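# Chains, contacts and geometry: an overview
The chain contents come next:
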Amino acid sequence: MTALLTTTDLAMRFPGRHGLTDLLRGIPRPVVRALDGVSLDVRPGETLGIVGESGCGKSTLARCLVGLHRPNAGAVRYQGTDIATLRGSARQAFHRQVQMVFQDPYGSLNPLMSVGASLAEALAVHRIVPPADIPRRVQDLLDRVHLPATAANRYPHEFSGGQRQRIGIARALAVEPKIIVADEPVSALDVSVQAQIVNLLQELQTSLGLTLVFITHDLRLVRHLTHRVAVMYLGRIVELGPTEDVFASARHPYTQALLRAVPRLVPGQRSRDVAVRGELPSPLAPPPGCAFHPRCQRAEPDCAATVPALALREGHWPVACLQADRAIAHSSTIATSTPSV
Ligand SMILES: Nc1ncnc2c1ncn2[C@@H]1O[C@H](COP(=O)(O)OP(=O)(O)O)[C@@H](O)[C@H]1O
Ligand SMILES: [Mg+2]
């Protein structure tokens, strides 16, 4: 299947904090490696989950995907074209077709405009419908996100968090995007409201044939909503596979640890496991080799020396782990000696 949006070897670095004393001592400014060698594809009509702990680079990746950040290295391609090369109307079309939904929808709503006026503006700027049809389209959009028609005359601050996120989604839908990149869209909401918004996204994804990139630190939401999942650790993707398969038999020790820590779905039963032992290292000084090795229970000496590639192995989804590779190689040797399938 041809990918709609791809990233190839994406790297993004930010200047780290530098005190005056460091500056006077001539200490070089530290560099935050927010993304390092991120390659993935977003396929038409799918919901791709991106999951990882806070600070692992999810939002940076989201911003690169929609063209809000220009990566230091690597490329983002939309329908095969490097988005850095897009100019004029082609660039505008990209920015219309790839929309972002933020954790805080205030980011995309003008607090001084009524909801109806905000939606009407988006429709007019991008000439989505003739001017005479705008009021009806505004009503359609509110209806799609299950808000009452009267919401058009009210202002963003008059709504609850969940309703405001519905407005943020309506704003993104107004310009008829092909892809929505939703960056922790429910993280600020109560659990009951989270479920409603996630269900709404799922409903829209199916009914409109949207492609959705859903970014979260909550694996339960990933399981409910996504077809495939990319697990990130310190600026890299460590595992990328079909959601059901990854949940059933994750191969990366980091993914396995995250899954063990998901609160059980049985009411009243909570997981006792801490997600991963040890602290998340600073992206200012990521450990050499596999960045996860200091926290990994399966680490071997070579893990500290070699950065594992996120490589596709025959019959397996990509995992960036030397030890998982070894296990896969071992099992496929057995498989070739006793052919099956
Ligand atoms: N604009 C920026 N300037 C400097 N550092 C940044 C900037 N944006 C993100 N970072 C750093 O990059 C790393 C990844 O951040 P982010 O992408 O926001 O992670 P996540 O969304 O997974 O929490 C963090 O260490 C963060 O402090
Ligand atoms: Mg973030």
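Scroll up to find the structure this text is about.
First, a word on what this report is: a plain description of the structure on this page.

About the criteria used
Residues numbered from 1 in each chain as written. Chains lettered and ligands numbered in written order. Predicted model: local features only at pLDDT ≥ 70, side-chain atom pairs only at ≥ 80, totals over all residues. Heavy atoms only, no water. Helix = DSSP H or I, 4+ residues; strand = E, 2+ residues; numbered from the N terminus. Rg over C-alpha atoms; globule rule 2.2 N^0.38 Å. Buried < 20%, exposed > 50% of the residue type's maximum accessible area, 1.4 Å probe, protein only. Contact = heavy atoms within 4.5 Å. Areas by Shrake-Rupley, 256 points an atom, 1.4 Å probe, with all protein chains shown as cover. Lys, Arg positive; Asp, Glu negative; His and termini not counted. Charge placed at Lys NZ, Arg CZ, Asp CG, Glu CD. Pairing = 2+ DSSP bridges. Axes fitted to C-alpha atoms, helices over the stretch in contact; angles between N-to-C directions. Near = heavy atom within 4 Å. Polar contact = N/O pair within 3.5 Å; in protein donor to acceptor, adjacent residues only side chain to side chain. Nonpolar A, V, L, I, M, F, W, Y, C, P; charged D, E, K, R; others polar. Phe/Tyr/Trp six-rings, centres within 6.5 Å; stacked < 30°, edge-to-face > 60°. Parallel < 35°, antiparallel > 145°, perpendicular 65-115°, else oblique. Left-handed = near helix turned anticlockwise from the far one by under 90°. Salt bridge = Lys/Arg side-chain N within 4 Å of Asp/Glu carboxyl O.

### A look at the overall build of the protein chain
The helix and strand tally for the protein chain stands at eleven helices and twelve strands. Taking 341 residues into account, the globule formula puts the C-alpha radius of gyration at 20 Å, and the protein chain, at 22 Å, falls close to it. When burial is assessed residue by residue, the protein chain has 46% of its 341 residues classed as buried. Restricting the contact set of the protein chain to residue pairs at least 6 apart, pairs at least 24 apart contribute 64%. For the protein chain, the accessible area works out to roughly 17,000 Å², and carbon and sulfur atoms hold 53% of it. Positive and negative side-chain charges in the protein chain, numbering 36 and 28 respectively, have mean positions lying 3 Å apart.

### Topic: helix α2 (residues 58-65)
The element α2 is extensively covered by neighbouring structure, given that six of its eight residues are classed as buried. Residues of α2 that are buried: Lys58, Thr60, Leu61, Ala62, Cys64 and Leu65. One or two positions beyond α2, positive phi appears at Gly67, with a value near 85°.

### Digging into the sheet that holds strand β4 (residues 73-78)
Spatial ordering of the open sheet is given by β2-β1-β4-β5, a layout of four strands whose pairing is antiparallel. The outermost strands of the open sheet, each flanked by one partner alone, are β2 (31-42) and β5 (81-82). With eight bridges connecting them, strand β1 (residues 5-15) and β2 associate as antiparallel partners. Each bridged residue has a counterpart across the sheet, and for Leu5 the counterpart in β2 is Val42. Set on the sheet, α2 makes contact with β1, β2 and β4; between it and β1 the angle comes to about 125°.

### Section: the site of ligand 1
Close to ligand 1 lie Phe14, Val32, Ala34, Glu53, Ser54, Gly55, Cys56, Gly57, Lys58, Ser59, Thr60 and Pro283. Note that an oxygen atom of ligand 1 is positioned 2.5 Å from one of the side-chain N or O atoms of Thr60. Out of a free accessible area of 560 Å², ligand 1 has 63% covered by protein chains. The element contributing the most residues to the shell around ligand 1 is α2, with three residues. Considered class by class, the residues forming the shell around ligand 1 number five nonpolar, five polar and two charged.

### A word on the packing of aromatic side chains
Summed over all chains, the structure comprises four aromatic pairs. Ring centres 5.4 Å apart and planes at 65° place the aromatic pair Tyr78 and Phe94 in the edge-to-face group. Taken together, the residues span a long stretch of sequence, with Tyr78 in strand β4 and Phe94 in helix α3 (residues 88-97) at a distance of 16 residues. Here Tyr78 matches Phe94 in class, with each residue buried.

### What to know about the packing of helix α4 (residues 115-125) against helix α5 (residues 134-144)
At a minimum axis distance of 9 Å, the contact between α4 and α5 shows a crossing angle of 115°. Considering the angle they form, α4 stands roughly perpendicular to α5. The crossing of α4 and α5 is right-handed. Between α4, through Val115, Gly116, Leu119, Ala120, Leu123 and Ala124, and α5, the contact on the second element is made entirely by Ile134, Arg137, Val138, Leu141 and Leu142.

### Brief notes about the side chain of Lys58
By the secondary structure assignment, Lys58 is in helix α2. Those residues within four positions of Lys58 in sequence are excluded, and the remaining contacts are Ile50, Val51, Gly52, Glu53, Glu184, Ile215, Thr216 and Met232.

### Details of the pattern of salt bridges
With the rule as written, the count across this model stands at eleven salt bridges. Close ionic contact of Glu46 with Arg228 constitutes a salt bridge, the shortest N to O distance being 2.8 Å. Taken together, the positions of Glu46 in the loop between β2 and β3 (47-51) and Arg228 in strand β9 (residues 228-233) put the pair 182 residues apart, joining distant regions of the chain. Note on Glu46: relative accessible area 7%, which makes it buried. On the basis of relative accessible area, Arg228 is assigned to the buried category, the value being 9%. A salt bridge links Glu176 to Arg137; its shortest N-O distance comes to 2.8 Å. In this pair, Glu176 is assigned in the loop between α6 (161-174) and β7 (179-183) and Arg137 in helix α5, connecting sequence segments 39 residues apart. Judged by relative accessible area, Arg137 falls into the partly exposed class, the value being 24%. Here the residues in one salt-bridge network are Asp41, Arg43, Glu46 and Arg228, joined through shared partners.

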